[in-house]
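An overview of the molecular structure
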Amino acid sequence: MEEKLLIENTFKFVASILDNDYSGHDMGHITRVYNLACEIAEKITCDKLVVKLAAILHDIDDPKITKLNTGDCTKARVYLNTLQYDKEFIDKVCDIINNMSFSKNKEKKQVLTIEGMIVQDADRIDAIGAVGIARTFQFGGQHNRGMNSSIDHFDDKLLKLYDLLNTDEAKSVAKPRHDFLVDFYNQFKEETK
Ligand code: ADP
Ligand code: NI
């Protein structure tokens, strides 16, 4: 299949799962992660198709969304199988999806391929900056949590993400967003002290 059509079809498949998501994993997030991953991948030697597919498919098997905890990217694998890619290619995409999340890397840093590092960086960039702040309060509201609980998430995760980025290319995109996050956090603390 021509790549443009493949990407369009993959977006449509993912939209059929995430269209009603209001937890911060909607198609806006997927589109932004895809665009960021493409922007970073452009500057790095890597398999761009693996980056693109992993970016589009990265959240459909998240236990927070599927409410399952299989720890395997079942939906993405079934989808890629229908396209008749070989097992090696499918494993490459699915290993990224299985190993890139913050929680999976909390206790022990997972070994990622360069393609995995790029998609992980793109996902993390979308968790900071103005969009990251908006997603955090949206998530908090959906889970019946107050503003202060969402602010705790800044300490637990968001403020750490910049230093955890894998690639220098991602760091240069992320820097203004990280600085904005820090300013927001400090201002919030100032107004609520
Ligand atoms: P992704 O898998 O896309 O990296 P997550 O599933 O970790 O993102 O979270 C989705 C969005 O919800 C993120 O922007 C994140 O900051 C926010 N979020 C996740 N956990 C919490 C929490 N405990 N409190 C507030 N926001 C959260
Ligand atoms: Ni994501």
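Structural data are supplied above this passage.
Residues numbered from 1 in each chain as written. Chains lettered and ligands numbered in written order. Predicted model: local features only at pLDDT ≥ 70, side-chain atom pairs only at ≥ 80, totals over all residues. Heavy atoms only, no water.

1. So, the pattern of salt bridges
The line we're drawing: By salt bridge we mean one thing: a side-chain nitrogen of Lys or Arg within 4 Å of a carboxyl oxygen of Asp or Glu. Numbering goes from the N terminus for both helices and strands, where a helix is a DSSP run of H or I of at least four residues and a strand is a run of E of at least two. Each residue is assigned to one of three classes by its accessible area relative to the maximum for its type, calculated with a 1.4 Å probe on protein chains only: buried under 20%, partly exposed between the two thresholds, exposed over 50%.
Under the counting rule described, the total for this entry stands at 9 salt bridges. The residue Asp91 makes a salt bridge to Lys87 at a minimum N-O spacing of 2.6 Å. Of the two residues, Asp91 and Lys87 both sit in helix H6 (residues 87–99), 4 residues apart, roughly one turn of that helix. Residue Lys87 is classed as exposed on the basis of its relative accessible area of 59%.

2. Section: the site of ligand 1
We count it as follows: Whether a residue is near a molecule or strand depends on its heavy atoms: it is near if one of them lies within 4 Å of it. What qualifies as a polar contact is a pair of N or O atoms within 3.5 Å, subject to a donor-acceptor requirement within protein and to the restriction that residues adjacent in sequence count only when both atoms come from side chains. Gly is placed with the polar residues, together with every amino acid not listed as nonpolar (Ala, Val, Leu, Ile, Met, Phe, Trp, Tyr, Cys and Pro) or charged (Asp, Glu, Lys and Arg).
Taken together, 14 residues lie near ligand 1, and His25, Lys64, Asp123, Arg145 and Lys157 sit nearest. Note that an oxygen atom of ligand 1 is positioned 3.3 Å from one of the side-chain N or O atoms of Asp59. Here Lys157 contributes a side-chain N or O atom positioned 2.8 Å from an oxygen atom of ligand 1. Ranked by the residues each element gives to the shell around ligand 1, the list is headed by helix H8 (residues 129–142), at 3 residues. Class assignment of the residues belonging to the shell around ligand 1 gives a composition of 2 nonpolar, 5 polar and 7 charged.

3. Structural notes on the environment of Ala122
Its place among the elements puts Ala122 in helix H7 (residues 114–125). Separated by 43 residues in sequence, Ala122 and Leu165 have C-alpha atoms that sit 9.1 Å apart.

4. Observations concerning the packing of helix H3 (residues 48–57) against H6
Our working rule: Note on geometry: axes are lines fitted to C-alpha atoms, helical ones only across the stretch in contact, with angles between N-to-C directions running from 0 to 180 degrees. Each angle is binned into one of four classes, with values under 35 degrees roughly parallel, values over 145 roughly antiparallel, values of 65 to 115 roughly perpendicular, and all other values oblique. Helix crossings are classified by the rotation of the near helix relative to the far one: an anticlockwise turn of less than a right angle makes the crossing left-handed, while a clockwise turn makes it right-handed. The criterion used for residue contact is that any of the two residues' heavy atoms lie within 4.5 Å.
It is the contact of H3 with H6, at a shortest axis distance of 9 Å, that shows an interaxial angle of 50°. With respect to each other, H3 and H6 are oriented oblique. Handedness of the H3/H6 crossing: right-handed. Facing H3, whose interface residues are Leu49, Val50, Leu53, Ala54 and Leu57, H6 presents Phe89, Lys92, Val93, Ile96 and Ile97. Among the residues forming the contact of H3 with H6, the class breakdown is 9 nonpolar, no polar and 1 charged.

5. Brief notes about the coordination of the nickel ion (ligand 2)
The line we're drawing: Distances define the donors: N, O and S atoms within 2.8 Å of the metal qualify, as do those within 3.2 Å of Na, K or Ca. Water is excluded, so some sites may look unfinished.
Only His29 (NE2), His58 (NE2), Asp59 (OD) and Asp123 (OD) from the protein reach the nickel ion (ligand 2) as donors, at distances of 2.1 to 2.3 Å. Between consecutive donor residues of the nickel ion (ligand 2), the sequence gaps follow H-x28-H-D-x63-D. Taken together, the positions of His29 in helix H2 (residues 27–41) and Asp123 in helix H7 put the pair 94 residues apart, joining distant regions of the chain. Taken as a pair, His29 and Asp123 share a single burial class, namely buried.

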